[in-house]
Amino acid sequence: MPKTHSDIGLIGLAVMGQNLALNIADHGFQISVFNRTTEKMVKFVAENPQTPGGLIGAATLPEFVQSLSRPRKVIMMVQAGSSTDAVIDSLVPLLEPGDIIIDGGNSKWTDTIRREKSLRGKGLRFIGSGVSGGETGARFGPALMPGGDPAAYKELEPVWNAIAAKVDAKTGRPLLGAAVGRPVSGGVPCATYIGPDGAGHYVKMVHNGIEYGDMQMICEAYDLMRGLLGMKAGEIGEVFTEWNRGALDSYLIEITADILQQKDPVTKTKALVDVILDTAGQKGTGKWTSVNALDMGVPAPTVSEAVFARCLSAIKEERVAASKILKGPQKKRYTGSKKALIQAIHDALYCAKICSYAQGFQLMREAQKEYKWTLNFGSIAQIWRGGCIIRAVFLQKITEAFGRNPQLANLLLDPYFNHTVKKAQENWRKVVALAAQYGVPAPTFSSALSYYDGYRAARLPANLLQGQRDYFGAHTYERVDQPRGKFFHLDWPEPTRPQTQV
């Protein structure tokens, strides 16, 4: 028999919403569901009659709200932007003080900050929660990044911990679940309170920016094996399968191996990847990460290059025309050791990955100052170990790094990552150099290396740049022989060019 009132409710029954609702019901929570199109709700409930918690369909929004136990908890799984605002506006008159609205969409963190403040003024509580893992993650265990009122999250926490992906407490490896199509119990849940107002959606945005970088790096490794060594897709897939048994063990490496070894169902003989058009789409979260890094003055070149690589891929016709005019080096195939070069590409991928994550965590460190949050970077790395798209064994190393030093300024300064890059950087530099010599684009590999060299440089050529700025715009400069914060200007047009302190 169903309960008089459901434990929680969900609005929006697209695939993500349906899968999240089933995940919640599978863990014994009764959930009410509502969709703008009633027929979709009716069909969904009819097709899933035997869940442990139970699905309760509501034909109208007032009926939906009245079906929930107090304080009401309403999850929205609707399109980010104006659609989210429209649902909130329709809910507000029906809710009571203390009720909780949870936005599980890919909302921009600044929108979440605005919504949380507005709803707080109305006596309602708002949680913006990142939900990562795609459709399968939503169904069998996502990584969850909630932000908002901490007391409100305490109300939601039992549900979020139950439905989240689980990892082994000692190794950090994901426990079986999504891979075999069933929910998981036991282990450490990949869900934790992130911080106030928009913190959860901000961390989800950075996650997605890092995801852009990871995917582009993998593509560059594939392209280097194809371009320098002439390897076919299936053979490259076997390399990724091998890599997935070591330090690069991750969801993205795993699916890359699978994709590269998939035959085209139409031709039956060609590799599927060879018939997929080389134009990449994007939904904007990588761009948000790059723009925010620029706004806050945080160096995040690797994520930005990954975004630009997608933009460049999109101008396919223009690239085809340019390929007939613009010529590169005449080199055809690399003639050195194939095995050694594959290992070098592996090392370049790992080193670039370290730099990309270092940039992402630097960005979050600066954001907490900007928005007055206190972020636990070790906990963030922990919840990314399972469920989400960037889940990887590598994240256990980040968790351990922040465990050793919660105030770590940059991942590159951690002993493990420092030692790893030191040991592998010769191969990394070799791969970047070969890419340039052979005309194979490697924007994330090379930008990550430039970031590494720039970050480790005690002195950069910005002294000349600041001299230029002072020359044409009187923007002043600091001196190496004076304390920081003292600014000077040279009167360049004057014959004697006197210096003054500003």
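Here is a short report on the structure shown in this document.

Conventions adopted
Sequence order as written defines residue numbering, which begins from 1 separately in each chain. In keeping with the model being predicted, local features are shown solely for residues with a pLDDT of at least 70 and side-chain atom pairs are shown and tallied solely at 80 or more, while totals for entire chains, interfaces and linings include all residues. As a rule here, side-chain values cover all heavy atoms of the structure and leave hydrogens and water aside. Residues belong to one nonpolar core when they are buried, are Ala, Val, Leu, Ile, Met, Phe, Trp, Tyr or Cys, and are joined through side-chain atoms within 4.5 Å. Throughout this description, buried means an accessible area under 20% of the type-specific maximum (1.4 Å probe, protein chains only), exposed means over 50%, and partly exposed covers the range between. For the purposes of this entry, the term helix denotes a DSSP run of H or I that reaches at least four residues, the term strand denotes a run of E that reaches at least two, and both are numbered from the N terminus. Contacts between residues were defined by any pair of non-hydrogen atoms, one from each residue, lying within 4.5 Å. Note on geometry: axes are C-alpha line fits, over the in-contact stretch for helices, and angles between N-to-C directions span 0 to 180 degrees. Put simply, angles under 35 degrees are roughly parallel, angles over 145 are roughly antiparallel, angles from 65 to 115 are roughly perpendicular, and the rest are oblique. The hand of a helix crossing depends on one turn: near helix anticlockwise from the far one by less than a right angle means left-handed, and clockwise means right-handed. Each residue gets one label: Ala, Val, Leu, Ile, Met, Phe, Trp, Tyr, Cys and Pro are nonpolar, Asp, Glu, Lys and Arg are charged, and the others, such as Gly, are polar. Here a strand pair is declared whenever DSSP counts at least two bridges between the two strands. The length a helix should cover is 1.5 Å for every residue beyond the first. By the criterion applied in these results, polar contacts are pairs of N or O atoms within 3.5 Å in which, for protein atoms, one can donate a hydrogen and the other can accept it, and in which residues neighboring in sequence qualify only through two side-chain atoms. Side-chain rings of Phe, Tyr and Trp, where Trp is taken by its six-membered ring, are said to pair if the distance between their centres is within 6.5 Å; with planes under 30 degrees apart they count as stacked, over 60 as edge-to-face, and otherwise as tilted. When the strands point away from the viewer and the path from the first strand over the helix to the second turns clockwise, the crossover is right-handed.

Counting 91 residues, the largest nonpolar core has Phe-240, Trp-243, Phe-361, Trp-384, Trp-428 and Phe-445 as the members making the most contacts within it. Examining the composition of this core, we find that 17 residues originate from one element, helix 14 (residues 338-371), more than from any other. In contact with Trp-384, not counting residues within four places along its chain, are Met-145, Val-203, His-207, Ile-210, Phe-361, Met-364, Ile-390, Arg-391, Ala-392 and Leu-395. Listed in part, the 31 residues of the second largest apolar core include Leu-13, Ile-24, Ala-25 and Ala-138.

Cis geometry marks the peptide bond from Arg-70 to Pro-71; its omega dihedral reads -10 degrees. With respect to the secondary-structure elements, Pro-71 resides in the loop between helix 3 (61-66) and strand 4 (73-76). Even without a glycine there, the phi angle at Asp-197 is positive, about 30 degrees. Among the structural elements, Asp-197 can be located in the loop between strand 9 (188-189) and helix 8 (199-229). Of note, Lys-268 is a non-glycine position whose phi angle comes to about 70 degrees, a positive value.

So, on to the packing of helix 8 against helix 9 (residues 233-243). Packed helices, taken two at a time, are described by their axes: the angle between them and the distance between them. Two elements in contact, helix 8 and helix 9, have axes separated by 10 Å at closest approach and are oriented at 130 degrees. One finds that helix 8 runs oblique with respect to helix 9. Helix-helix and strand crossings are classified by hand; for helix 8 and helix 9 the assignment is right-handed. Residues Ile-218, Ala-221, Tyr-222, Met-225 and Arg-226 of helix 8 pack against Ile-236, Val-239, Phe-240 and Trp-243 of helix 9. For the contact of helix 8 with helix 9, a count of residues per class yields 8 nonpolar, no polar and 1 charged.

If you walk across this open sheet you meet the 7 strands as 3-2-1-4-5-6-7, and the pairing is mixed. Across the chains shown, the open sheet's two edge strands, defined by having one partner strand only, are strand 3 (55-57) and strand 7 (143-148). Looking at each pair of strands side by side, their axes are set apart by 25 degrees on average, direction ignored. In the sheet, strand 2 (residues 31-34) pairs with strand 3 via 3 bridges, with the strands oriented parallel.

When you line up the elements, Asn-292 lands in helix 11 (residues 285-296). With near-sequence residues (within four places) excluded, Asn-292 lies in contact with Trp-109, Tyr-202, Met-205, Leu-363 and Tyr-371.

What follows deals with helix 14. Note on helix geometry: an α-helix contains 3.6 residues per turn, so any two residues three or four positions apart are oriented the same way. Here helix 14 contains 34 residues, and its C-alpha end-to-end distance of 49 Å stays within 8% of the 50 Å for a straight helix at 1.5 Å per residue. A large share of helix 14 lies buried, amounting to 25 of its 34 residues. A distance of 3.1 Å separates the backbone nitrogen of Ala-340 from a side-chain oxygen at the start of helix 14, and that oxygen is part of Ser-337. Lys-372 lies just past helix 14 and shows a positive phi near 60 degrees.

On to the packing of aromatic side chains. How two aromatic rings sit relative to each other is set out by the distance from centre to centre and by the angle between their planes. Tallying each qualifying case throughout the model produces 21 aromatic pairs. Centre to centre, the rings of Trp-109 and Tyr-202 are 5.1 Å apart; their planes meet at 85 degrees, and the pair counts as edge-to-face. In this pair, Trp-109 is assigned in helix 5 (residues 109-120) and Tyr-202 in helix 8, connecting sequence segments 93 residues apart. Assigned by exposure class, Trp-109 and Tyr-202 land together as buried. Judged by centre distance (5.5 Å) and plane angle (45 degrees), the rings of Phe-377 and Phe-402 are tilted. In this pair, Phe-377 is assigned in helix 15 (residues 377-383) and Phe-402 in helix 16 (residues 394-404), connecting sequence segments 25 residues apart. For Phe-402, a relative accessible area of 5% translates into the label buried.

Burial along strand 2 is two-sided: Ile-31 and Val-33 and Ser-32 and Phe-34, pointing in opposite directions, are all buried. Sheet topology note: the strand 1 (residues 8-11)/strand 2 ladder contains 4 bridges and is parallel. By the bridge assignment for strand 2, Ile-8 is matched with Ile-31. What joins strand 1 to strand 2 is helix 1 (residues 15-26), and the crossover it makes is right-handed. Each parallel crossover has a hand, and for strand 2 linked through helix 2 (residues 38-47) to strand 3 it is right-handed.

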